[in-house]
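# An overview of the molecular structure
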Amino acid sequence: MSGVYEGLTVIELADRRNQWAGKLLSDGGARVMQIEPIDGSPGRWTGPFVQDKPDADNCLDYWFNNTGKQSVALDLACKPAQDVLRHLLARADVFLESTAPGTLANMQLDYASVAGNKGLIYASLTDFGQDGPWHDFQMNDAAHLALGGAMASTGYSDATVTPIGGKGNQAWHMGCAFVLHAITVALFDRMTSGEGQYIDVAIHDACAIGTEGAVPHWMYFGETMYRQTGMHAAPRRLPPLELPTRDGKYVMAINQAFSKRSWDALLDWMDEKGVTGELRDPKFQEESVRTAEYRQGNLIRDAIRRLIAVSDAEECFRRAQTAGISWAMIRAAEENYDLPHYKQRDYWRSIEHPQIGRAIPYPRGPFACDALQIEPRGRAPHLGEHTRHVLTHDLGLNEQEIAALTAAGAIK
Amino acid sequence: MNKAATHHPTKPAAHNAAHLQQGVLSGIRVLDFTWKTVGPWAPRLLTHYGAEVIHVERAGGWDDHRFAAHRSLTTDAPEPNHVQGEKQLYTDPYFNTLHHGKLAISLNTRHPEGIKIVERLITKCDAIVENFSAEVFPNWGLTWERIHQLNPRMIYMSSSGFGHTGEWKGYRSFGPTAAAQSGLSLASGLPGQPPAGWGYSYLDVMGGWMGGLALMQGLLHVKKTGKGLYIDYSVTEGAMSMVGTYMLDYQVNGRRTRRPDFPPGNRAVFPQVAPHNTYRCAGNDRVGQHWWVFIACETQAQFEALCALMHQPGLALDPKFTTNEARVAYQDELDAIIGRWTRARRRYDIMRQCQAAGIIAAVVQSAEDRVEYDPQLQHREIFPIIDHPDLGECPYEGYPPKLSRTPAFVHGRAPTLAEHNQYVYGKLLGMSETEIDGLRERGVI
């Protein structure tokens, strides 16, 4: 196996916030050793679980976010376990951690203490970064979506209804994207300089610049965004784009303009369903006229709403796209498994799971690229699965030393 | 706004690339054919490390984020393409943010000479990025094979909704299209209501950040191997790789995200904890939307602290709320109690009091809140103010990572239309004034 991160050794201090970043390093070919507490990473205990039975080795969120990693279980409250981590960092390329600022300094494991490894890239991904008035606030993913601005732009057109934070730990993903940028650029630099460095990324900072037009509109024009059901927030109310279909689903009917080909196909479809209304008026053959009507008027939008209401979602997606119109069907994540397009693109990777006696298809990863080759390399580790191997083969500890660490409760 | 964040000196109007700061990616040059939102983000991110990104716009036209301008930044005129005079910046607010630190040239790629120029530029660049429909580059003769032949070290990234292979390769997409198709839109909203989607729009932004990561990974790969590469980036597939847990839950437990109790608004799905919701506070924003605060208790200690803070310590002893399991079962009732407490209170007071007691709490902050009042973002200089001779002092969105050895930075301001034609065609490609004038006369640039 090759991959853009092949040959690198990464030490990841288990945390729900950074595990997706560690996964992408592992998927890119790095050897990622996750240092977990004796009773497992917090990521092992969130659920959902296999058959909904809580078990450190059977958490599906953990499975997804920790593909191909190795698990080393250490109780970092014990000095001997801290020494194990120190020795691992002395030979690592990348350290990824998300502890509260100051935590690792108390163990003499902060960057200054371990920078004797000149090439080490030490990356901290935390809620607020290493400093600032809010650096010790208690947060979770949804709290970041609130504080960072995502929620204020997401929800419903009714001004009295709550703003919404979407699911799937997307605030943490945003932080992970930036810590991966920085690690990758630091690796690029290290190839020439031979030197590692310290990286400080705050999830709040990442979320705060992730709200598209909201900040520039405020900065330059003092405009506040309206939340609008299922669509972009905007400084003015816009007609709905998320439209219900005949089969009880929704279509995102976003499109900028209708070319002649698109328009003709749309009208034929409308005729078929008997919803064309006045749109056969020859004036709409002129693209500028129909574009103006679509942007400012109701005639075209009303007809589209009628069309979608009498069509199935899948039909809307395929017919519109075939005609060059960029509508989408609002699908459930799991419905993508059935679509030939992703099979044709070799999107799924089969990962064996002895716990359930079969393999499961995982998403390949964000990019189709043979050279970068970012894809899951194997299942997530069992708790402490690699502790003994790492202590023996990486650190050269003998049986007595390992027994002493076990007896002291420092490892599992 | 945070004046203290000004850390870039005034620079003269730049018609060449000399105004670009030096960074770890200085010397890297990117040919940027992207437009809209998700595409431009990716190469923009390289500018924070010193890469020279040349944004190519259609001769006689412009990136439609310029065109979509509500008002020009400098004139307040309603249509920037109608602005007369010297300061024709054609700069929509979002264009100014999205493209800041880039160079801009105009080029007519429908003209045979235009394609020849693209080919010459390819030999001078390290990466080429586009987010057109799949047929556009091949129609210009720019297949991966051709690009690779012109420059074997070249990174070519196509950023598209559905990728450049497969039966949907010709399908059109915007950020919300990709969010809808991937399963992300359905993972946001109140139960029994239409999907709320991702209104900022998440994939236009995060999709670009992941595209930027691919480019950085590509640069690392080329530095290691000397070999160029093609990245077929489908934004929808990128998004699908961010909802993998739901896919595994379906594969293993047969549980679908298309079900009546999902998504559950702002309540927690896994792990199930309560309280975990938004609560209305006193006041409304400037356009009449209510103000809200998010509160969550993930531990028993946090819940007991919340009861104490609300002056209802007895709640923690009520069998309906003594354990997290019970609270999840009775969260309608619990949310109503908390909502009554927050309703007449000020949102920042609630956040401060909760945080002081160790409870997860966050104001639902608008752009105004973040830019003007958020002391943490001010401390971290996330919205730096950068001086420019034409625009004056303007605030920008910063770049989050702080690197100790190779710091990232923000150049400030997007290029004006065709601002760097002289630099790119004259200096980079070595054309004479006469040649450049000829290209202009023939409508090539």
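Every value quoted in this text rests on a predicted model; they were computed, and no experiment measured them. (Residues numbered from 1 in each chain as written. Chains lettered and ligands numbered in written order. Predicted model: local features only at pLDDT ≥ 70, side-chain atom pairs only at ≥ 80, totals over all residues.)

## A closer look at the overall build of chain B
Along the backbone of chain B there are 18 helices and 12 strands. Residue burial in chain B is summarised as follows: out of 445 residues, 56% are buried. A fraction of 69% describes how many contacts in chain B between residues 6 or more apart in sequence connect residues 24 or more apart. (Helix = DSSP H or I, 4+ residues; strand = E, 2+ residues; numbered from the N terminus. Buried ≥ 20, exposed ≤ 12 C-beta atoms within 10 Å, placed from the backbone. Contact = placed C-beta atoms within 7 Å.)

## Examining the interface of chain A and chain B
Facing 123 residues of chain A, the contacting portion of chain B comprises 127 residues. In terms of residue count, helix α6 (residues 170-193) of chain A provides more of the side of chain A that touches chain B than any other element does, 15 residues in total. Partitioned by chemical class, the residues of the side of chain A that touches chain B number 71 nonpolar, 38 polar and 14 charged. Relative to strand β12 (residues 402-403) of chain B, strand β6 (residues 197-202) of chain A is paired through two bridges, and the arrangement is antiparallel. Considered in β12(B), the bridge of Asp200(A) is made with Lys402(B). (Nonpolar A, V, L, I, M, F, W, Y, C, P; charged D, E, K, R; others polar. Pairing = 2+ DSSP bridges.)

## Notes on the environment of Tyr337(A)
Position of Tyr337(A) among the secondary structure elements: in the loop between β11 (328-329) and α13 (340-344). Taking the C-alpha atoms as reference, Tyr337(A) lies 30 Å from His181(A); in sequence the two are 156 residues apart.

## What about the pairing of strand β2 (residues 31-36) of chain A?
Residues and elements named next belong to chain A. Of all six residues in β2, six are buried; the element is thus mostly enclosed. Inspection of the sheet shows strand β1 (residues 9-13) paired to β2 by five bridges, in the parallel sense. Directly across from Val10, in β2, lies its bridge partner Val32. Crossover β1 to β2 through helix α1 (residues 19-27) is right-handed. With four bridges connecting them, β2 and strand β3 (residues 70-73) associate as parallel partners. Its bridge partner lying in β3, Ile35 is registered against Val72. Once you follow β2 into helix α2 (residues 60-65) and on to β3, the crossover reads as right-handed. (Right-handed = clockwise from strand over helix to strand, strands pointing away.)

## Regarding the domain arrangement of chain A
Many authors give the size of an interface as the accessible area that is lost as the parts come together. Here chain A is described as being made up of domain 1 (9-209 + 346-407) and domain 2 (250-329). If you average the C-alpha positions of domain 1 of chain A and of domain 2 of chain A, the two centres end up 46 Å apart. (Domains from an automatic or database assignment.)

## Side note on helix α17 (residues 421-428) of chain B
Residues and elements named next belong to chain B. Within the span of α17, buried status applies to Asn421, Val424, Tyr425 and Leu428. Down the axis of α17, the smallest arc covering the buried residues is 120°, so these residues share one side. Buried residues in α17 make contact with β2 (52-58), β3 (103-107) and α18 (433-441). Backbone geometry just downstream of α17 places Gly430 in the positive-phi region, at approximately 70°. (Arc of directions from axis to C-beta.)

## Considerations on the sheet that holds β11(A)
Judged by pairing direction, the sheet is antiparallel, and its three strands sit side by side in the order β9-β10-β11 (chain A) without closing on themselves. The two strands at the open ends of the sheet, each matched to only one other strand, are β9 (242-244) and β11 of chain A.

## A few points about the packing of α6(A) against helix α8 (residues 202-225) of chain B
Contact pair α6(A) / α8(B): the axes reach a minimum separation of 9 Å and the direction vectors enclose 20°. Regarding the angle of α6(A) to α8(B), the classification is roughly parallel. Relative to α8(B), the crossing made by α6(A) is left-handed. Residues Gln170(A), His173(A), Met174(A), Ala177(A), Leu180(A), His181(A), Thr184(A), Val185(A), Leu187(A), Phe188(A) and Met191(A) of α6(A) form the contact with α8(B), whose participating residues are Tyr202(B), Met206(B), Trp209(B), Met210(B), Gly212(B), Leu213(B), Met216(B), Gln217(B), Leu219(B), Leu220(B) and Lys223(B). Within the contact of α6(A) with α8(B), the residues separate by chemical class into 15 nonpolar, six polar and one charged. (Axes fitted to C-alpha atoms, helices over the stretch in contact; angles between N-to-C directions. Parallel < 35°, antiparallel > 145°, perpendicular 65-115°, else oblique. Left-handed = near helix turned anticlockwise from the far one by under 90°.)

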